[in-house]
Each structure stands twice: as structure tokens, then as C-alpha cells.
Amino acid sequence: MNLFRSEEHVDRWLGGRPPGATISVTELNELARAWWDDRLSPTWRPHSLEQNQAILERLGLTGEFWRLG
Amino acid sequence: MPTLEAPRDVLDDADIRLRNTTYALFVSLGRAPRAEEVADVERSTPAVVETGWRRLHEARALVLYAGGDIRMANPFSAAPTAHRVRAGGRWWFANCAWDAFGICAALGVDGDIESSCPDCGEAIHVEVRDQEPSDPSLLFHCLVPAAAWWDDIGFT
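S.K.: Sorry if this is basic, but what is going on with the sheet that holds strand S1 (residues 2-4) of chain A here?
M.R.: Whenever strands of a sheet pair, they do so through backbone hydrogen bonds, lying parallel or antiparallel. One open sheet holds the three strands; their spatial order is S1(A)-S9(B)-S2(A), and the pairing between them is antiparallel. Strands with a single pairing partner mark the edges of an open sheet, and in this sheet they are S1 and strand S2 (21-24) of chain A. With strand direction ignored, the average angle separating the axes of adjacent strands in the sheet is 35 degrees. Where S2(A) and strand S9 (residues 139-142) of chain B come together, four bridges link them in antiparallel fashion. Looking at the pairing, A:Ser24 lines up with B:Leu139 of S9(B). Contacts from helix H2 (residues 25-36) of chain A reach S1 and S2 of chain A together with S9 of chain B within the one sheet, and its direction differs from that of S2(A) by about 90 degrees.

Here's what the structure looks like:
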């Protein structure tokens, strides 16, 4: 799970391996905020799979690759 | 890397309290706490803390080394990584690029993220200001499908 300069860099790094998923850093930031913003809350409770899947779906991260289980 | 926790009923209130104490100490110390340090706060013993940590590890609420010390309190990493974050007056290590942004989110502050492009090795610096990344041209690549993230969490 890394940052890249461009698609060209991603493709070269993959070197023929099957690609995963590429999103913009803006989308990543939105995902990180939705996923992690409660981690230090004194009222934190574990996210269920359904909650986490809903976060992904809300951000348009759908399809087999983003299916959690 | 992202956590995919076990169902919430796996952990009881004591587990949650231990987890929250551990996270709070991680943030206040700027590093992973030792079992003795958590036991002092919990008015417990290191052995009880270590047993609780193992339950949290099984529930994916913490990641431990084989020896029982904390490896990850996601999004924070106890070990140095290629993803560093300056936030809240400290430098932190994140487990991956996702977690780097997650540290800013968890702390509720802006920050500076230092990473590098795995292809060319060039340093990548991203500022998070007013909750937005400074360079929207950057890309994030996730190689492992979501269902397999926990097959090898270190690789993911």
C-alpha cells in the first residue's frame, strides 16, 4: 500500500504482476479519515465487517477487489 | 494497513479498556508502550496485560510480534517503516501509505507525510492541511485484494 508519482510508475513497479487497485491520494485521504478517525476515541468500538464494507462502498470502492470477506 | 476487526462481541469491556489505555499510552509516549507501563495505568500486572493483548491480537485490534510486544496499533507502527508522519508535534511511523493519512485522521490534526515512490525511490512529501492532501496528483496503489489483507498483514 504505497504512494506513486503516476500510473507509469505503478505499471513499472508492477513489472507484469496483476495490478491491484489504484486510487487518487485525495480518495485515499477520504478513506483514511472514514476508516481511522475514531481510533483514539474513548468510545471506540471495533468496526464490524459490515461497517467497514459500508465505508468502502460510500467512497465508491466497490467490486470484487474491495470485498472484505 | 487497514484493520478488519472481529465482531465486536468477541471483545468484552475489559478488553476495550485495555485497548484504549494501550492506544492512549502509545500517543502520549510517542512509541509502543511496554506491558509494564500499561499495567501501571491499569493497576494490573504485565502478565494480565500480555494476556489481554493476545486477545486483542486475535481480534485484530492490535498486532503483536511473536514475542508478545506490540508491532502495530493501527494506524501506528511500533517499528520504523518507509512511511513517516509529522503530526501533533511528533514523528510517527505508519504501517503503509493508507495508515499515514490515518494517523492524521486518528489524531484529528493536519500533518506532513514523508514516503517514497517504490518504483523510482524518489522521496514523496505530502502535506495534509485542513484535512486535504497538498498534492492531488499522487496515486495510491493497493496490490492485495481486501479479502486477503490479513493473510499476511506485514506484506499487505
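S.K.: Even after reading the chapter, I still don't get unusual backbone geometry, so can you show me in this structure?
M.R.: Glycine aside, negative phi is the norm for most residues, and most peptide bonds take the trans geometry. Residue and element names in this part refer to chain B. Omega for the bond connecting asparagine 74 with proline 75 falls within 30 degrees of zero, at 10 degrees, which places this linkage in the cis form. Along the chain, proline 75 falls in the loop between strand S2 (70-73) and strand S3 (76-77). The phi angle at aspartate 130 is positive, at roughly 50 degrees, despite the residue not being glycine. Tracing the sequence through the fold places aspartate 130 in the loop between strand S7 (123-129) and strand S8 (132-133).

S.K.: Please explain the nonpolar core as it appears in this structure.
M.R.: What tends to happen in soluble globular proteins is that the nonpolar side chains get buried as a cluster. Formed by 54 residues in total, the largest nonpolar core has its most connected members in B:Phe101 and B:Ile103. With nine residues, helix H4 (residues 97-107) of chain B is the single largest residue contributor to this core. When neighbours within four sequence positions are excluded, B:Phe101 is seen to be in contact with A:Leu28, A:Asn29, A:Ala32, B:Ile113 and B:Val128.

S.K.: Just to check I follow, could you spell out the pairing of strand S4 (residues 83-87) of chain B for this structure?
M.R.: Within a regular strand, side chains alternate between the sheet's two faces. All names here are of chain B. Burial along S4 is one-sided: His83, Val85 and Ala87 are buried, and none of Arg84 and Arg86, which face the opposite way, are. As judged from the five bridges shared by S4 and strand S5 (residues 90-94), these two strands associate in the antiparallel manner. In the sheet register, arginine 84 faces S5, and the bridge partner there is phenylalanine 93. Taking the residues that link successive antiparallel strands as the turn, the S4-S5 hairpin has two residues, and the phi of glycine 88 there is positive, at about 65 degrees. The sheet contact formed by S4 and strand S6 (residues 111-116) spans four bridges and is antiparallel. Counted as the bridge partner of alanine 87 is glycine 111 from S6.

Rules used in this analysis
- Residues numbered from 1 in each chain as written.
- Chains lettered and ligands numbered in written order.
- Predicted model: local features only at pLDDT ≥ 70, side-chain atom pairs only at ≥ 80, totals over all residues.
- Pairing = 2+ DSSP bridges.
- Helix = DSSP H or I, 4+ residues; strand = E, 2+ residues; numbered from the N terminus.
- Axes fitted to C-alpha atoms, helices over the stretch in contact; angles between N-to-C directions.
- Contact = placed C-beta atoms within 7 Å.
- Core = buried A, V, L, I, M, F, W, Y, C linked by C-beta atoms within 7 Å.
- Buried ≥ 20, exposed ≤ 12 C-beta atoms within 10 Å, placed from the backbone.

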